[in-house]
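This is what each chain is made of:
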Protein chains: 2
Amino acid sequence: MIDPRVASGLRDIPPAAMIVRERMLDSFRKTFASFGFLPIETPHIERMEVLTGKGAGSDEVLRQIFDVTNKGGTPGELALRFDLTVPLARFVAKHVNDLGTPFKRYAIGSVFRGERPAKGRFREFVQCDFDTVGTESAVADAETAQVIHDALSNAGVPAFTITLNNRKVLDGLLDTLGVADKTGPVLRALDKLAKVGREKVLDELQGALTGDQAARVLAFVEQGRGGLEVLDRVGEQIGSHPRVEEGVANLRAILGLLDAAGVPSDRLKIDLGLARGLDYYTGVVFETTVDGWERFGSVSSGGRYDNLASLFTDRKLPGVGASIGLDRLLALMEEAGWVKGTAATAPVLVANFPGVDPGVAVGLAARLRKAGIGAEVFPDPTQVGKQMGYGSSRGHRVAVIVGPDEVEKKLFNLRDLATRQERKGVGWADLETTVRDALGSGQGAAS
Amino acid sequence: MIDPRVASGLRDIPPAAMIVRERMLDSFRKTFASFGFLPIETPHIERMEVLTGKGAGSDEVLRQIFDVTNKGGTPGELALRFDLTVPLARFVAKHVNDLGTPFKRYAIGSVFRGERPAKGRFREFVQCDFDTVGTESAVADAETAQVIHDALSNAGVPAFTITLNNRKVLDGLLDTLGVADKTGPVLRALDKLAKVGREKVLDELQGALTGDQAARVLAFVEQGRGGLEVLDRVGEQIGSHPRVEEGVANLRAILGLLDAAGVPSDRLKIDLGLARGLDYYTGVVFETTVDGWERFGSVSSGGRYDNLASLFTDRKLPGVGASIGLDRLLALMEEAGWVKGTAATAPVLVANFPGVDPGVAVGLAARLRKAGIGAEVFPDPTQVGKQMGYGSSRGHRVAVIVGPDEVEKKLFNLRDLATRQERKGVGWADLETTVRDALGSGQGAAS
């Protein structure tokens, strides 16, 4: 016997969880599509040099790569993708002449990282990315936040906050202080502010800056959180600086467009200390926390980059995009009790009554499906009580039962599997309307 | 510069093809769900011993396995799955006590085989599997064919033939001839009948049987194709034999149930020579060809097995299921010209008119989306002619245009991107109704 376990850090997704995942992915796809984003798919396996090219992934991510080799293949040539951004860069470089710009794509798929397994952390997980490539427009920047807003709202997240910044503001501040070359260590330190607290961050900043510079940077960041009014103070804090002004103007434009789009302003927050990684983003950056569930971290993050595909093409391709972390969001929603719905895909169970021709059940179920109502036939003519137990435990809502007494008169009984109440002796001609009424309007479809 | 090509035998799926794929997968999911099949997902990576356990895959498939290793991992321990059946067996062995039986699952996902790359043959491809585990009922056998029928019909395949056999009939014939031990070579030879013709098959059969036996087997198979009447002749051809009678009774029951389900009988065919592989199936087997496109081979195949998970558990788990080959079906439908629809996800393009506040376009697009009509805003305020060209080439159907003359009066122009006709000066208040009318009823949603 072989042990049926999965490998360390991997997992099976059973039906109850998978039904929720599919519903959420379907909602995301509809949201992305409603903005004109187009789906693409790239292979799970990429050539190693595509994944490990300079700047493609952080050192940590590269250490976590899974090599792939088939018999007769050369080890080290192929690997599993660790995100959907490097494959997007390769895809765009290869296909941009056919596709033209702006190119708006979404992609949903598994990515693989050989991280040390831990609770809630898996070596295969799903990313949901959307990007607009080939434009520097603030319309695309604002739309990225708008898509995050609509995607989370449509997926049933009741309240969340999208935090925005533009990397140019902090860049300008450091330039004003004469320490533009210290961006790396400063951003690394600031990224930890929420986690380790101001004292430790101040200590770390003083490794790269003077005490006075460190204090100014930290004060700027700490005063840089809030609504639109935060942007009004930047001028007096830093003075006139072209990059700062560019960054502030971009954030004002984004907030104006989001207002025009009807995104509630209390869903949006400015945080001038938000960095989101070190080298990649060059303009607006986003992160999103669910109100009251901030400890789960960001459920959707992204930003603007100057040049997506520089590893693969000379053509300069600026863009903006974000990623929704499906697994983290689902874990949060589950814990918050926001996951609704049953574990059944079809709401009706049609009993297979002992001694009655199973063609009767099969025929009635086919009629229900034709009317758009999902219906499952129990395969074996076992005790009806056992069949009802199966239906209740699976989340079926009603059962259609035709016993030997009913079959001749072309009648059925309809049992509510929650209340166990039974409506007896309904004519077959009234099947669809009776079942639809029992399920409640609009709830007949598999969902 | 790194070459942005994909590895040999792999491919990118661009938007136009991906939109069609997503539509088809969505249709399959809805069909599977309408019968009460539940979705599951298993990792792309499995432990090697799970995949290579005796009987898990054919020698050919095992030679094509992709090994997977991460830094610090041991080579040879992990591999990419080559189908969804072995993972199902492992999943069921691990979870059956929690899930109970009958367990009806569907799974859609990529599988990997290091085959020699060839036109239309890829090393990563998508399988769509559905199975009913834990029952020997003919209701589940018939339902398998019914799901194939509904899935293909709902996906827009106009005419196809599901061919059925029961392996017990041929087993019984060979037993009657006293050559029950020759099942392997006989089935292997018969599987090639359509491809190489009767003479070559007769030659091959004579490697295992006497000339007379070979002739009888071939004659039986050749007369064994057609409708229900084929089954009436079996008794006189073979005489009384318990396995034959079991097989014939099963096929009769299946055809009766499919009739009760309303599956048209001209979609069904018996072929008593149909084997579908050698060792795995033990009862009914199915294969499905699209009428007029038989050269593409079977687009959906499957059958009944006695014992799914014997590698992993002592518990005997009989079941029945089938797989739809998404890539083959899509290639066929594309070539047949049955793939409909545009390459756009959102039917409306909202122009970003130079000199007009882009918030106007963003606001109108948000209103359309709220009304369930997909709308894309062009990100840059370039020449409107260029924006219309983008819309036409992408497959957007209408464009909403607000120029400087319109914006003050709160008007818009609506351009049909196919006919280039423009309706001028419509009030913003009438946006949703005007656009919905122009798109035609029910066609507003992204699709």
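Structure shown above.
Residues numbered from 1 in each chain as written. Chains lettered and ligands numbered in written order. Predicted model: local features only at pLDDT ≥ 70, side-chain atom pairs only at ≥ 80, totals over all residues. Heavy atoms only, no water.

## A closer look at the overall build of chain A
Here comes step 1: When helices and strands are tallied, chain A shows 17 helices and 17 strands.
Here comes step 2: Its C-alpha atoms put chain A at 90 × 60 × 45 Å along the principal axes.
Here comes step 3: When each of the 447 residues of chain A is scored for burial, the buried share is 58%.
Here comes step 4: With the model as given, the accessible surface of chain A reaches about 18,100 Å², and the carbon-plus-sulfur share is 49%. (Helix = DSSP H or I, 4+ residues; strand = E, 2+ residues; numbered from the N terminus. Buried < 20%, exposed > 50% of the residue type's maximum accessible area, 1.4 Å probe, protein only. Areas by Shrake-Rupley, 256 points an atom, 1.4 Å probe, with all protein chains shown as cover.)

## Some points on the nonpolar core
Here comes step 1: Counting 101 residues, the largest nonpolar core has Phe28(A), Phe32(A), Leu205(A), Val348(B) and Val435(B) as its most contacted members.
Here comes step 2: Considering each element in turn, this core owes the most residues, nine residues, to helix α5 (residues 138-154) of chain A.
Here comes step 3: For Leu205(A), the contacting residues outside a window of four places in its chain are Val186(A), Ala189(A), Leu190(A), Ala214(A), Val217(A) and Leu218(A).
Here comes step 4: The next biggest cluster of nonpolar side chains, apart from the first, holds 99 residues, and it includes Val360(A), Ala365(A), Val179(B) and Ile270(B). (Core = buried A, V, L, I, M, F, W, Y, C linked by side-chain atoms within 4.5 Å. Contact = heavy atoms within 4.5 Å.)

## A few points about the pattern of salt bridges
Residue and element names in this part refer to chain A.
Here comes step 1: With the rule as written, the count across this model stands at 50 salt bridges over all chains.
Here comes step 2: With its nearest N and O atoms 3.5 Å apart, the salt bridge here joins Glu199 to Arg198.
Here comes step 3: Within this structure, Arg11, Arg21 and Asp327 form a network of salt bridges that share partners. (Salt bridge = Lys/Arg side-chain N within 4 Å of Asp/Glu carboxyl O.)

## A closer look at the relation of the copies chain B and chain A
Here comes step 1: Once turned by 180° and shifted 0.0 Å along the axis, chain B lies on chain A with an RMSD of 0.0 Å. Seen this way, the second copy is the image of the first under a two-fold rotation axis. Residue Val68(B), judged by its C-alpha, is the member of chain B lying nearest the rotation axis, at 2.3 Å.
Here comes step 2: The residues that chain B uses at the interface reappear at the interface of chain A in 100% of cases, marking a shared surface. (Least-squares fit on C-alpha atoms with pLDDT ≥ 70 in both.)

## Here we look at helix α14 (residues 358-370) of chain A
Residue and element names in this part refer to chain A.
Here comes step 1: Counted at 1.5 Å a residue, the expected span for α14 with its 13 residues is 18 Å, and the 19 Å between its end C-alpha atoms agrees.
Here comes step 2: α14 sits mainly inside the fold: ten of its 13 residues count as buried.
Here comes step 3: With a side-chain oxygen positioned 2.8 Å from the backbone nitrogen of Gly359, the residue opening α14 is Asp357.
Here comes step 4: Positive backbone phi, approximately 85°, marks Gly372, located one or two places after α14. (Expected span 1.5 Å × (residues − 1). Polar contact = N/O pair within 3.5 Å; in protein donor to acceptor, adjacent residues only side chain to side chain.)

## Describing the packing of aromatic side chains
A ring pair, where both rings are aromatic, is described by two values, the distance of the centres and the angle of the planes.
All names here are of chain A.
Here comes step 1: A complete count under the given rule lists 16 aromatic pairs over all chains for this structure.
Here comes step 2: A ring pair is formed by Phe32 and Phe130, whose centres lie 5.2 Å apart and whose planes are at 35°; its orientation type is tilted. Placement of Phe32 in helix α1 (residues 15-34) and of Phe130 in strand β6 (residues 124-133) is noted, with a sequence separation of 98 residues between them.
Here comes step 3: Exposure remark for Phe130: the relative accessible area of 0% places this residue in the buried category. (Phe/Tyr/Trp six-rings, centres within 6.5 Å; stacked < 30°, edge-to-face > 60°.)

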